[in-house]
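The chain contents come next:
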Amino acid sequence: MTIILEHSEVVKKAVKEKEGSQLGETDVDESSLKVPEKQAEKAKPCGLTEEEKLQTIQYVTDEKHWSEFRVQAGYYWTQISQVIVEGHVSAEQVCNYWHNQALEKYKACYKQDLGFSDEVLDAFEASAIYQLIDSSGPAKKCLKCTESDENTKTSQLLQQAVNGIAEQNQKQAKTEDEHLELARKKDLQEEEERAEKQAIAKLAAEREHQGLRDAMWSQAMEMLKHPDEEIQEEGKFLFHQLKELKKTLD
């Protein structure tokens, strides 16, 4: 159930609240706004005012807004930034205030978390902002589901990590198989090239040897026909040597 506060009461109560410095926001010292007359109109506060903080919480915890918060959050921050606070702060600053300040402090009060000082939590718990969140059914439901959501997120992250490792292992295994296949093809190609070179060398050697044998046969026949008997004898000896060599090769 959404609590609707009268505007005048909200302003009075919000002004009296004293909260610690807000993460992502800057309290503006009025003296810091004293700038040269020509530049005075450009000076703007950097964070949400107390009234704007309360307006933000009223908007977020409204039943009709909260029911679609998970899918419409980005639109809500823009609406608050551009319409409700009229561009005084950015949508990112509104988002930071809700998540990092208002909701975190409420959770700290609810869980008695020591992340904030007792003084800060006591002041926040006495604020209208706390009352709005605490009286909002959707906000309480969100708070109760926080731990479950965190566990779910952790499980999802672990599953993503496991899936990532498995995918990486598959890629690595595929890469190794491709490298092995390339190496096998390279070895096969090198072996074929080596065999081809050996065959060519062998053929060249055989041709060279055949040429030498043919030349020696011709020389032997010429020596056998020579009129000098000694040369004829040498021719006969060479002839018999070539015949033995032929038998060996055959």
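The structure reproduced in this document is the subject of the present report. Given the structure is predicted, the values throughout are model-derived calculations rather than measurements.

### As for helix α6 (residues 118-125)
- All of the buried residues in α6 are V120, L121 and F124. Buried residues of α6, viewed axially, fall in a sector of 95°; they line one side. Those residues of α6 that are exposed and angled more than 90 degrees off the buried face are D118, E119 and D122.
- Here the buried face of α6 lies against α5 (91-111) and α7 (128-134).

### Points about the packing of aromatic side chains
- With the rule as written, the count across this model stands at ten aromatic pairs.
- Judged by centre distance (5.9 Å) and plane angle (85°), the ring pair of F124 and Y130 falls under edge-to-face.
- The exposure class of Y130 is buried, given its relative accessible area of 9%.
- Three or more aromatic residues link up through ring pairs in this structure, and these residues are Y59, W66, F69, Y75, Y76, W77 and W98.

### Things to note about the nonpolar core
- Core analysis: the biggest nonpolar cluster contains 28 residues, and I57, F69, W77 and W98 have the highest contact counts within it.
- Those elements giving two or more residues to this core turn out to be α2 (50-61), α4 (69-84), α5, α6 and α7.
- The contacts of W98, once residues within four sequence positions are left out, are I57, V60, T61, W66, F69, W77, L103, E104 and I133.

Reading guide: rules and limits
Residues numbered from 1 in each chain as written. Predicted model: local features only at pLDDT ≥ 70, side-chain atom pairs only at ≥ 80, totals over all residues. Heavy atoms only, no water. Buried < 20%, exposed > 50% of the residue type's maximum accessible area, 1.4 Å probe, protein only. Helix = DSSP H or I, 4+ residues; strand = E, 2+ residues; numbered from the N terminus. Arc of directions from axis to C-beta. Contact = heavy atoms within 4.5 Å. Phe/Tyr/Trp six-rings, centres within 6.5 Å; stacked < 30°, edge-to-face > 60°. Core = buried A, V, L, I, M, F, W, Y, C linked by side-chain atoms within 4.5 Å.

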